[in-house]
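Descriptive structure summary
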Amino acid sequence: MDINGSLSVIGYGLAAIGGGIGVGLIFAAYMQAVSRQPETQRIIQPMLFMGFAVVEALAILGFVLALL
């Protein structure tokens with residue numbers, strides 16, 4: 001059996017799965033926090049977007065490293 005391809009594709013797949021799970025956990029925690037105390041939405045929302053940006057940056061970094 002001949003297997004052609006690159007293991008970097010598997011690495012990017014794992015990075016994408018990790019990013020998806022991370023984003024899901026971030027938004028779930030945000031929705032739970034706002035549903036418990038709606039008045040804190042303006043305080044928590046910038047932290048939500050910062051966490052989202054960090055998780056997505058790590059997923060993009062995994063994609064770039066898969067191409068190298």
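Structural data are supplied above this passage.
Everything in this summary refers to the structure shown in the same document. (Residues numbered from 1 in each chain as written. Predicted model: local features only at pLDDT ≥ 70, side-chain atom pairs only at ≥ 80, totals over all residues. Heavy atoms only, no water.)

Some remarks on the packing of aromatic side chains
As a reminder, the rule being used: Note on aromatic pairs: the rings of Phe, Tyr and Trp (six-membered ring only in Trp) are paired at centre separations within 6.5 Å, and the planes decide the class, stacked below 30 degrees, edge-to-face beyond 60, tilted for the rest. Each helix corresponds to a stretch of at least 4 residues labelled H or I by DSSP, and each strand to a stretch of at least 2 residues labelled E; elements are numbered beginning at the N terminus. For every residue, the accessible area (1.4 Å probe, protein chains only) is compared with the maximum for its type, and the residue is labelled buried under 20%, exposed over 50%, or partly exposed between those bounds.
Summed over all chains, the structure comprises one aromatic pair. Ring centres of Phe27 and Phe52 lie 5.8 Å apart, and the angle between their planes is 70 degrees; on these two criteria the pair is classed as edge-to-face. Highlighted residues: Phe27 in helix 1 (residues 7-36) and Phe52 in helix 2 (residues 41-67), separated in sequence by 25 residues. Residue Phe27 is classed as partly exposed on the basis of its relative accessible area of 28%.

Overview of the packing of helix 1 against helix 2
Note the following rule: Each axis is a line fitted through C-alpha atoms, taken for helices only over the stretch in contact, and angles between the N-to-C directions span 0 to 180 degrees. Here roughly perpendicular refers to angles of 65 to 115 degrees, roughly parallel to angles under 35, roughly antiparallel to angles over 145, and oblique to all remaining angles. Note on contacts: a residue pair qualifies if any of its non-hydrogen atoms lie within 4.5 Å across the two residues. Amino acid classes used here: Ala, Val, Leu, Ile, Met, Phe, Trp, Tyr, Cys and Pro are nonpolar; Asp, Glu, Lys and Arg are charged; the rest, including Gly, are polar.
Viewed as axis vectors pointing N to C, helix 1 and helix 2 meet at an angle of 175 degrees, and their least axial separation amounts to 8 Å. Judged by the inter-axis angle, helix 1 sits roughly antiparallel to helix 2. Here Ser8, Tyr12, Ala15, Gly19, Gly22, Val23, Ile26, Phe27, Tyr30, Ala33 and Val34 of helix 1 lie close against helix 2, whose contacting residues are Gln41, Ile44, Gln45, Leu48, Gly51, Phe52, Val55, Glu56, Ala59, Gly62, Phe63 and Ala66. The residue makeup of the contact of helix 1 with helix 2, split by class, is 15 nonpolar, seven polar and one charged.

Describing helix 2
How we decide: Multiplying one less than the number of residues by 1.5 Å gives the expected span of a helix.
Counted at 1.5 Å a residue, the expected span for helix 2 with its 27 residues is 39 Å, and the 39 Å between its end C-alpha atoms agrees. Burial in helix 2 covers these residues: Leu48, Val55, Ala59, Gly62 and Ala66. At its buried positions, helix 2 is contacted by helix 1.

With respect to the environment of Phe49
In this fold, Phe49 is placed in helix 2. On a C-alpha basis, the gap between Phe49 and Phe27 in space is 9.5 Å, while along the polypeptide they are 22 residues apart.

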